[in-house]
Amino acid sequence: MKVSKTKNLIEVATGRKKADLVIENCNVVNVFSQEIIYGKLAISDGIFVGIGDYEGVNTMDGEGKYIVPGLIDSHVHIESSMGSPYQFARAVLPRGTTTVISDCHEIANVKGLEGIKYMIESSENLPLDVYIMLPSCVPATKFETSGAVLEAEDLEELIKHDRVLGLGELMNYQGVVFTDEGIIKKLELTDKYHKVVDGHGPVIKEKELNAYSLAGVKTDHECMNHKEVLDRLRNGIYIAVREGSAAKNLLDIVGTVNSFNERRFTFCTDDRHPKDIIQEGHIDNNIRIAIRGGVSPITAIRMATLNSAECYGLKNLGAIAPGYIADFIIVDNLTDFNVLKTFKEGKQIKEDWYKYIKEDKNLLKVVSNSVNIKEFTKDDLKIKLKSDFAKVIKIVDHSLFTENVTRKVMRDEDGFYVNSETQDILPIYVIERHKGTGNIGKGLIEGYGLKNGAIASTIAHDSHNLVIIGDNPSDVKLAADKIIEIGGGLVIVKDGKVRGCLPLDIAGIMSSEDLEIVSKGHEELNKIATDELKINVNINAFMTLAFMALPVIPKLKITDQGLFDVVKFEHTDL
């Protein structure tokens, strides 16, 4: 007769049976008591048994190193790594991340429910636990064409899945405040199934913040200063302290953490590019920065583990204590916090684990072939102006914000814009790529610095249409043609030749290739962008390009439907 797991664990805990694994000579970080306990740590059946004088079937010398719970990313878009969940896991597991809360917002805007299902199914058998937040805003606004529209009725199909924890970042806070019917239905859906609602509210305050909190929003990763943090803490909202690739808010707000409120903070990366993960780290990087910023090591570890687990209701996760799941890491010390080994359910994750788990090619087929662009000519790229003065998107260095400026520009005898070498003003296009509508949004942009070519990307937040900047229609057309040929991705054209490209076969925003290959390709393109196309070195060429199509970050942006005034929240004429 098979012995029950509970009975077996009790017998191990009392010392009547040997544990599966005992780690001797180790320092265990206890996130409950904020202690470091030296001794022997026993593990059986993937569960922590306890610290004590235990014997194990297998033993390991901890060499005086520190045992820490597996790290949890409380809010991440895996898509921003440009890798599949499989490739993402390869990158973050050696960094000590064993669990992530993934918002599938990006792929859902391209592939809808099929995109979310891909993220769920492709992460099913990974040694990384991937929990899912269903995107709340697909499309992000009604002023752009996305690949799908997801209402509450659509999301209900997936919300009962055991790895779906709730509703992803609720960017449409106005929809909450003014009781938009579609948003209210999504909130009622999460309430019906007792799920979590993530927030996204950098500008919300006072009565509107009260309404936002009352609606069920439990987290916010968009805080930029101490006042925003305090306002949300007072309303019972968890603060997800973000350190991504574009948005780095950790040092700006971590000074707010104190002994009275630290249980209401988590760590997240939100959007982190492959190079940053590979070179700097993941949540381990957040911990190191927080410690340098004055947070005590055990508090920083608790923010990265137990706090996140409790926020999202992940039972028996995030701590080293009897009965808790034995996800843990071994680090050299609590200052440098270098991850030496990662364990999942009591078993060490070997460096070559991925060789024994292959990506399902049938799943990849569902999210490939995502570029559907209606045929167009170079003449379709001409920009008609009513006068010599035009509204221009002005890039702000080191920022995703832009300015709305008016500039005197050149026109030909038919009133079409003519590029001038004396002005750093260029045409920018957003070409609809999901449904073949033929939409081409046209605008002008200042401060990008490109010369003698074009740059194109199907990573264009949030609807991920094709965005292109170029100084001549021939190179713009060639860049678009190359994007179609590779099925989506990043392309650079110079002087009539394709200078480089990075295919992104998964929905035009991710690659099934090894993340190291993707990272190298991405860096090579960025180098070409600055060295050969002379793109402004104070901006990230592709990141800036991608965010020019996001009509929720002020002040002037562009969608496939035209130039967009974010302040007035409406399309505007050139």
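Residues numbered from 1 in each chain as written. Predicted model: local features only at pLDDT ≥ 70, side-chain atom pairs only at ≥ 80, totals over all residues. Heavy atoms only, no water.

Peer 1: Residues and numbers for the sheet that holds strand β27 (residues 556-559), please.
Peer 2: Here three strands make up an open sheet; going across it, the order is β27-β28-β29 and the pairing antiparallel. Both edges of this open sheet fall to β27 and β29 (570-571), since each of them pairs with a single strand only. Sheet analysis places strand β28 (residues 562-565) next to β29, joined by two bridges and oriented antiparallel. Looking at β29, one finds that Phe564 is bridged to His571. (Pairing = 2+ DSSP bridges. Helix = DSSP H or I, 4+ residues; strand = E, 2+ residues; numbered from the N terminus.)

Peer 1: Explain the pattern of salt bridges to me, using residue names and the numbers behind them.
Peer 2: Applying the stated criterion across every chain yields a total of 34 salt bridges. Where Glu114 meets Lys117, a salt bridge forms, and the shortest distance between an N and an O atom there is 3.9 Å. Taken as a pair, Glu114 and Lys117 lie in helix α3 (residues 105-122) at a separation of three residues, close to a single helical turn. Accessibility expressed as a relative area gives 38% for Glu114, which makes it partly exposed. Judged by its relative accessible area of 22%, Lys117 falls in the partly exposed class. The salt bridge involving Glu446 is made with Arg407; its shortest N-O contact spans 2.7 Å. One end of the pair, Glu446, is in strand β22 (residues 440-446); the other, Arg407, is in strand β18 (residues 402-408), and 39 residues separate them in sequence. By relative accessible area, which is 11% here, Glu446 ends up buried. Among the ionic contacts, a cluster of salt bridges with common partners joins Glu24, Lys40 and Asp53. (Salt bridge = Lys/Arg side-chain N within 4 Å of Asp/Glu carboxyl O. Buried < 20%, exposed > 50% of the residue type's maximum accessible area, 1.4 Å probe, protein only.)

Peer 1: Go over the packing of aromatic side chains, please, and point to the residues and values.
Peer 2: Applying the stated rule across the entire model yields eight aromatic pairs. With 5.4 Å between their ring centres and 90° between their planes, Phe143 and Phe569 make a pair best called edge-to-face. Here Phe143 is found in the loop between β8 (129-134) and α4 (152-159), whereas its partner Phe569 is found in the loop between β28 and β29, with 426 residues between them in sequence. In this structure Phe143 comes out as buried when scored by relative accessible area, which is 14%. Geometrically, the ring pair formed by Phe328 and Phe343 is stacked, given 4.3 Å between the ring centres and 10° between the ring planes. Note that Phe328 is positioned in strand β14 (residues 328-331) and Phe343 in strand β15 (residues 339-344), a separation of 15 residues in sequence. Each member of the pair, Phe328 as well as Phe343, is classed as buried. A cation over a ring is seen here: Arg90 above Tyr354, with NZ or CZ 3.9 Å from the ring centre. Positioned above the aromatic ring of Phe376, the side-chain terminus of Lys477 is 5.2 Å from the ring centre. (Phe/Tyr/Trp six-rings, centres within 6.5 Å; stacked < 30°, edge-to-face > 60°. Lys NZ or Arg CZ within 6 Å of the ring centre and 35° of its normal.)

Peer 1: So what about the domain arrangement of the chain? Which residues, and what values?
Peer 2: Each assigned domain of the chain is listed with its residue range as follows: domain 1 (3-64), domain 2 (70-319) and domain 3 (378-571). Summarising the inter-unit geometry, the C-alpha centres of domain 2 and domain 3 are found 28 Å apart. Listed as interface residues are 33 residues of domain 2 and, on the opposing side, 38 residues of domain 3. Each partner contributes to the roughly 3000 Å² buried at the junction of domain 2 and domain 3, and carbon and sulfur atoms together form 64% of this total. Counting the surface domain 2 buries against domain 3, the share from its top three residues, Met82, Phe143 and Thr145, is 27%. Our count for the domain 2 to domain 3 interface comes out at three salt bridges. The closest approach of N and O atoms between Arg90 and Asp514, which form a salt bridge, is 3.2 Å. Counting every contact that joins domain 2 to domain 3 gives 19 residue pairs in polar contact (both at pLDDT 80 or more). Sorting the residues of the side of domain 2 that touches domain 3 by element identifies α2 (85-92), α3 and α10 (274-279) as the ones contributing at least two each. Looking at side-chain class alone, the side of domain 2 that touches domain 3 contains 14 nonpolar, 12 polar and seven charged residues. (Domains from an automatic or database assignment. Contact = heavy atoms within 4.5 Å. Buried area = accessible area lost by both parts, 1.4 Å probe. Polar contact = N/O pair within 3.5 Å; in protein donor to acceptor, adjacent residues only side chain to side chain. Nonpolar A, V, L, I, M, F, W, Y, C, P; charged D, E, K, R; others polar.)

Peer 1: An account of the UniProt feature "domain: Amidohydrolase-related" (unreviewed entry) in the chain is requested, with residue identities and associated values reported.
Peer 2: In this numbering, the UniProt entry assigns the feature "domain: Amidohydrolase-related" (unreviewed entry) to residues 66-348. Between the end C-alpha atoms of residues 66-348 the distance is 15 Å, and the span holds 36% helix and 21% strand. (UniProt positions renumbered as here; feature names shortened; annotations may be inferred.)

Peer 1: So what's going on with the sheet that holds strand β9 (residues 164-170)? Residues and values would help.
Peer 2: If you trace the eight strands from one edge of the open sheet to the other, you get β6-β7-β8-β9-β10-β11-β12-β13, paired in parallel fashion. Looking along the sheet, the strands with just one partner apiece sit at the ends: β6 (71-76) and β13 (265-268). Ignoring strand direction, the axes of neighbouring strands in this sheet form an average angle of 30°. In this structure, β6 lies alongside strand β7 (residues 97-103), joined through four bridges in parallel fashion. By the bridge assignment, Asp73 is partnered in β7 with Val100. Against the sheet, α3 makes contact with β7, β8 and β9, and its axis sits at roughly 135° relative to β8, the strand it touches most. (Axes fitted to C-alpha atoms, helices over the stretch in contact; angles between N-to-C directions.)

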